[in-house]
Amino acid sequence: MMLVYGIVTGILFGFLLQRSHVIRYDVQLGALLLKDMTIMKFMLSHIVTAMIGVYVLYDFQLVQLSLKPTILGGVVIGGLIFGVGWALLGYCPGTSLGALGEGRLDALWGIGGMLVGAGLYAEAYPYLSKTVLTWGNYGKITIPQVLGVSHWVVIFCMTVLVVLLFRWFEKKGL
Amino acid sequence: MRNRNGWNVYVCGVLSGFVSIGSIWCVGKFFGASTTFVRSTGMIEQIFSPDRVASMPYFLKEMPVIDWQWMFVMGIAVGACIAAVLYQDFKIQWVPEHWRERFGLSVQKRAVVAFLGGIIAMFGVRLADGCPSGHGLSGGLQLAVSGYIALACFFIGGLIAARLLYGKRGNSL
């Protein structure tokens, strides 16, 4: 049953990704060249909407959070490496499948590369888990925890900031 | 590059946010994509050397099985395909437009760079423990510190590499 939920959720998400065109190489590179902020608009609209919804449900104890630990070594070094690969490929892991779905077949090479990359990482993991992945481990922390304030304060500020950012994007025609 | 035949991106973002809420509420599943590549590679390697895969720590951590996220990632391809066909947006293309303007028509050239980019991207994303979906969307919406640091690093790495690839002025794109 879980698998059915998975595919249905994926279809809905893929449909919206295609309709907003964020799965395109040109749009992804446009973001990295600071010419086209479509991806930021999509991601931040998603984040703000889901953040409000999920934290309401969380306050009523209807959902549990699933946080990833903040390990600076892994997140910073891995994040930067990913960024370089992302610019070369022009798709991220999720959008590569979406791009394939709308006929952008160059995504196939990327998907092949990503499978190889996953294999290489699996080989390197025993070494990395003893080194990089032990550097700066702060555990599963959230911004409200670090600031010592209610999550609603952070959500309010974030929402205001995102709205202002969107207005700026539209003014600049990005 | 304006969005000619597409929907308003804010509307799509908000709607996808509701899909995310529904998934978290109904089945407790947060969006993510990159673990699926690990599981798939594990499944492929299993065909050739099952004993070795069974003893590798990373494949013990991320078992080579089909799970919710695996189906979610396949669903993205199906959903995008349905939308593209429905709205006459489906197009077979081996070389993206921006790429063609900068690097020419060669399919091989694009293939080599996309393949290498894929290797680098996946290695980095596993080290970071999440992709723009897992860290960016799911981490971001939970206000996770890791999500925002990851998102910043994704863009910093990407901005530098894109600038090197396309030149300072983005090659008049």
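What you see is a predicted model, and the numbers here were worked out from it, not measured in a lab.

What counts, and at which threshold
- Residues numbered from 1 in each chain as written.
- Chains lettered and ligands numbered in written order.
- Predicted model: local features only at pLDDT ≥ 70, side-chain atom pairs only at ≥ 80, totals over all residues.
- Helix = DSSP H or I, 4+ residues; strand = E, 2+ residues; numbered from the N terminus.
- Buried ≥ 20, exposed ≤ 12 C-beta atoms within 10 Å, placed from the backbone.
- Contact = placed C-beta atoms within 7 Å.
- Expected span 1.5 Å × (residues − 1).
- Nonpolar A, V, L, I, M, F, W, Y, C, P; charged D, E, K, R; others polar.

Novice: Would you explain the overall build of chain B in this entry?
Specialist: Within chain B, the regular secondary structure consists of nine helices and zero strands. Mapped in sequence order, the helices and strands of chain B form the string α-α-α-α-α-α-α-α-α. Dimensions of chain B along its principal axes, counting C-alpha atoms only, are 50 × 40 × 35 Å. Taking all 173 residues of chain B together, 54% fall into the buried category. Look at the contacts in chain B between residues 6 or more apart in sequence, and 50% of them connect residues 24 or more apart.

Novice: Just to check I follow, could you spell out the overall build of chain A for this structure?
Specialist: What chain A contains, in helices and strands, is eight helices and zero strands. Walking chain A from its N terminus toward its C terminus, one meets helices and strands in the order α-α-α-α-α-α-α-α. Sorting the 174 residues of chain A into buried and exposed places 53% on the buried side. Counted over contacts in chain A with a minimum sequence separation of 6, partners at least 24 positions apart contribute 57%.

Novice: Explain helix α2 (residues 34-48) of chain B to me, please; I cannot follow it from the model alone.
Specialist: Since the α-helix advances by 3.6 residues per turn, residues separated by three or four positions end up pointing in the same direction. Here α2 of chain B is 15 residues long and its end C-alpha atoms lie 23 Å apart, about the 21 Å a rise of 1.5 Å per residue gives. All buried positions along α2 of chain B are accounted for by S34, T35, T36, F37, V38, R39, T41 and G42 of chain B.

Novice: Please clarify how the interface of chain A and chain B should be interpreted in this entry.
Specialist: Interface size is commonly expressed as the accessible area that is lost once the parts come together. Tallying the contact residues gives 105 residues for chain A and 114 residues for chain B. Elements that contribute at least two residues to the side of chain A that touches chain B include exactly α1 (2-20), α2 (25-32), α3 (38-59), α4 (72-89), α5 (93-101), α6 (107-130), α7 (143-147) and α8 (151-172) of chain A. Of the residues forming the side of chain A that touches chain B, the biggest block, 18 residues, is contributed by α1 of chain A. Broken down by class, the residue content of the side of chain A that touches chain B amounts to 63 nonpolar, 33 polar and nine charged.

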